[in-house]
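Here is how the chains run, residue by residue.
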Amino acid sequence: MLTDAKARSKAYFDLHHASRFAREGYWSFDYKRSIQALELLRPDNLIDIGCGPGGFLARMRKELPQIRLFALDLSEGMVNEVRERFGGSVEATVGDAENMPLASCTFEAVTVNMSIHHYPHPQAAVDEIFRILRPGGHLLLEDMDCIPPIRAIANFVFPRLPGGDVKMYNQREIRTMLEAAGFTVLSYHKITPWTFLCVAEKPMTEERSL
Ligand SMILES: C[S@@+](CC[C@H](N)C(=O)[O-])C[C@H]1O[C@@H](n2cnc3c(N)ncnc32)[C@H](O)[C@@H]1O
């Protein structure tokens, strides 16, 4: 089932790029927390991975217009929507978060909103995010998590859904992946009972933990 999760994600999101719900952001309520963090971090540039049709990018354009924006998504439909919506002001790439066609040490910030639960090999994606960030750069990772019994039900249902959902990762799994990639986890906060924002930093020296 893991092997076809990406094909199902791609097919599903290729069809859903124009819906109003998708354009606003699948869970746009959480965006304000990332934006508050970015107001403090003040990156010059940022890439939104699994950007969808650009709900988060639209909020960024409005609230932090000085940041140069980039985007990446597995779905061509989503990327085309971003290109139409923002013209040349957002450089959008079709690509897989687990193997990104992007140069190393390029971005000062990476955001991933409601996307990592679609990744069958999330460690590969986290390693890739580490690679494309500049030393001292930040990852803002937002996704779902909730109390263990509900998470267990979600993780039973997810692979049976049409959208290529794979797994709701818990706090320990998220921290372990980030630290294995070499990140320092700065914070992990619940935003709602079913979502979280984790902020991690790529150290200035690239030593990985033993
Ligand atoms: C639930 S939507 C979230 C979209 C947007 N980030 C938001 O907040 O509304 C998940 C997005 O992740 C993308 N996605 C899924 N697997 C991916 C992968 N392996 N690499 C890049 N993007 C992926 C999907 O195409 C989809 O646009």
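Residues numbered from 1 in each chain as written. Predicted model: local features only at pLDDT ≥ 70, side-chain atom pairs only at ≥ 80, totals over all residues. Heavy atoms only, no water.

Colleague: What's the story with helix α5 (residues 76-86) in this structure? I'm lost.
Modeller: Spacing of three or four residues puts side chains on the same side of an α-helix, whose turn is 3.6 residues. Buried residues of α5: Gly77, Met78, Val79, Glu81, Val82 and Phe86, and no others. The secondary structure elements touched by the buried residues of α5 are α1 (5-15), α2 (20-24), α4 (55-63), β2 (68-73) and β3 (90-94). At the N-terminal end of α5, a side-chain oxygen is found 3.3 Å from the backbone nitrogen of Gly77, two or three residues along, and the residue is Ser75. Gly87 sits one or two positions beyond α5 and adopts a positive phi of about 55 degrees. (Buried < 20%, exposed > 50% of the residue type's maximum accessible area, 1.4 Å probe, protein only. Helix = DSSP H or I, 4+ residues; strand = E, 2+ residues; numbered from the N terminus. Contact = heavy atoms within 4.5 Å. Polar contact = N/O pair within 3.5 Å; in protein donor to acceptor, adjacent residues only side chain to side chain.)

Colleague: What exactly am I supposed to notice about the nonpolar core here?
Modeller: General note: in soluble globular proteins, nonpolar side chains tend to be found buried as a group. Among the nonpolar cores identified, the biggest contains 33 residues, and Ile47, Ile49, Val110, Leu139, Ile174, Leu178 and Phe183 are the most heavily contacted of them. Broken down by secondary-structure element, the contributors of at least two residues to this core are β1 (45-49), β2, β4 (107-113), α6 (122-132), β5 (133-144), α8 (171-181), β6 (184-192) and β7 (195-201). It is α6 that contributes the most residues to this core, five residues altogether. Core analysis: the next-biggest nonpolar cluster, separate from the first, contains 23 residues, Ile35, Val82, Leu140 and Ile191 among them. (Core = buried A, V, L, I, M, F, W, Y, C linked by side-chain atoms within 4.5 Å.)

Colleague: Quick question: what am I supposed to make of the pattern of salt bridges here?
Modeller: Inspection of the entire model under this criterion finds eleven salt bridges. Close ionic contact of Arg59 with Glu63 constitutes a salt bridge, the shortest N to O distance being 3.0 Å. Here the residue Arg59 and the residue Glu63 both occupy positions in helix α4, the gap between them amounting to four residues, near one helical turn. Taking relative accessible area as the criterion, Arg59 reaches 24% and is therefore assigned partly exposed. (Salt bridge = Lys/Arg side-chain N within 4 Å of Asp/Glu carboxyl O.)

Spatial relationships are all this shows, so hold off on functional conclusions.
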